[in-house]
Amino acid sequence: MAVKLLVVGGGKMGQALITGLLSSKWADPDDLGVIEPNEARRTQLAAAFPELCLFDAPLADSVSSDGGALLAVKPDAAEGACRVLGAIGVKRVVSVVAGMPTARLEVALGDGSIVIRAMPNTPALIGKGVTAISGGEMATSADLAWAEEILSAVGTVVRLPERHLDAVTGLSGSGPAYVFLVAEALIEAGVLSGLDREVSRTLVTETLVGSAALLAQGDASPESLRAAVTSPGGTTAAGLRALEARAVRSAFMEAVAAAAERSRNLHR
Ligand SMILES: NC(=O)c1ccc[n+]([C@@H]2O[C@H](COP(=O)([O-])OP(=O)(O)OC[C@H]3O[C@@H](n4cnc5c(N)ncnc54)[C@H](OP(=O)(O)O)[C@@H]3O)[C@@H](O)[C@H]2O)c1
């Protein structure tokens, strides 16, 4: 049996992409095959997508793909999964495996294989992710367009040379965690200032959503948006000075650099 796309690993990211591909109409359920060795996960996927073709990993030789495969397994399972894919004739793979270079997956897939590496982030789970993609040595512009179509199902896609993907991991890959940390801190700050916790949560969440929406309009830079709420000698200026005194800007720079460095060293 040959499907349009074989999804290898039906975990959180695999399921997010399946959801996106089906709701964007890129694929019908019977266009997708999913290889997922975990029985409990297969049961959950079958409940969420009754028409999906689900396979246990050892039965993978009963399915192949005309278009290629989407690799969404944990890093330690990635090369083994690619060897299985190579053995069943899959030659093109888009991988969301964090930190895993295209060259290593190309070797595992076998001669003449094509690998596109992608780094999505968790808002992909609700179709609002941002993903950077990079083609390996053999990837053509048609292969990148194919990968871009797939990842577009869960948000925005940017194309970058592979040497930048560790920086992307440290910035937008880990980025949601930085934003959630800021949210936690602001909610606590509201509580410290005497607000009810639920009220503080609502105020902080809507402030983040509204500010992100203003920024996403793209007409104004973050600097000008910040200046617009900072009147001379006013309340916001006093708050910003306290943040600058704690070197918050530099702390974010160090956070992104540390995460990128960790990504670089993951598969050495
Ligand atoms: N979640 C994110 O936000 C995010 C963001 C960027 C990149 N990623 C990358 O996406 C990949 C998947 O992450 P995740 O969060 O979706 O992990 P996850 O929820 O653990 O899903 C991985 C799934 O793959 C299954 N699996 C293991 N070996 C397999 C094999 N040989 N063939 C087929 N399936 C296999 C696992 O089963 P078992 O549980 O039995 O092992 C599990 O159900 C990771 O490499 C991660 O770096 C994730």
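So, here is what we can say about the structure in this document.

What counts and how
Residues numbered from 1 in each chain as written. Predicted model: local features only at pLDDT ≥ 70, side-chain atom pairs only at ≥ 80, totals over all residues. Heavy atoms only, no water. Axes fitted to C-alpha atoms, helices over the stretch in contact; angles between N-to-C directions. Helix = DSSP H or I, 4+ residues; strand = E, 2+ residues; numbered from the N terminus. Parallel < 35°, antiparallel > 145°, perpendicular 65-115°, else oblique. Left-handed = near helix turned anticlockwise from the far one by under 90°. Contact = heavy atoms within 4.5 Å. Core = buried A, V, L, I, M, F, W, Y, C linked by side-chain atoms within 4.5 Å. Buried < 20%, exposed > 50% of the residue type's maximum accessible area, 1.4 Å probe, protein only. Nonpolar A, V, L, I, M, F, W, Y, C, P; charged D, E, K, R; others polar. Salt bridge = Lys/Arg side-chain N within 4 Å of Asp/Glu carboxyl O.

## Some remarks on the packing of helix α6 (residues 165–173) against helix α11 (residues 248–266)
Then comes step 1: Where α6 meets α11, the closest approach of the two axes is 7 Å, and the angle between their N-to-C directions is 130 degrees. With respect to each other, α6 and α11 are oriented oblique. Crossing of α6 against α11: the hand is right-handed. Where α6 approaches α11, its residues Asp166, Ala167, Thr169, Gly170 and Leu171 are matched on the opposing element by Val256, Ala259, Ala260, Ser263 and Arg264.

## So, the nonpolar core
Then comes step 1: Residues Leu5, Val94, Ile116 and Leu151 are the most contacted members of the largest nonpolar core, which totals 32 residues.
Then comes step 2: Each residue touching Val94, except ones within four places of it in the same chain, is listed here: Ala69, Leu70, Leu71, Ile116, Ala118, Trp146, Ala147, Ile150 and Leu151.
Then comes step 3: Among the nonpolar cores identified, the runner-up in size contains 23 residues, and Val3, Val73, Met100 and Ala108 belong to it.

## A short note on the packing of helix α7 (residues 175–192) against helix α8 (residues 197–216)
Then comes step 1: For the pair α7 and α8, the least separation of the axes is 8 Å and the interaxial angle reads 140 degrees. Taken together, the axes of α7 and α8 are oblique relative to one another. The chirality of how α7 crosses α8 is right-handed. Contacts between α7 and α8 involve Val179, Ala183, Leu186, Ile187, Glu188, Gly190 and Val191 from the former and Arg197, Ser200, Arg201, Val204 and Leu208 from the latter.
Then comes step 2: Tallied by class, residues from the contact of α7 with α8 come to 7 nonpolar, 2 polar and 3 charged.

## Topic: the pattern of salt bridges
Then comes step 1: Counted by the stated rule, this structure contains 9 salt bridges.
Then comes step 2: A salt bridge links Glu162 to Arg117; the shortest N-O distance between them is 2.9 Å. You can see Glu162 sitting in the loop between β10 (155–159) and α6 and its partner Arg117 sitting in strand β8 (residues 114–119), a full 45 residues away along the chain.
Then comes step 3: Across the pair Arg117 and Asp166 runs a salt bridge whose closest N-O atoms are separated by 3.8 Å. In this pair, Arg117 is assigned in strand β8 and Asp166 in helix α6, connecting sequence segments 49 residues apart. The two residues Arg117 and Asp166 agree in class, both being buried.

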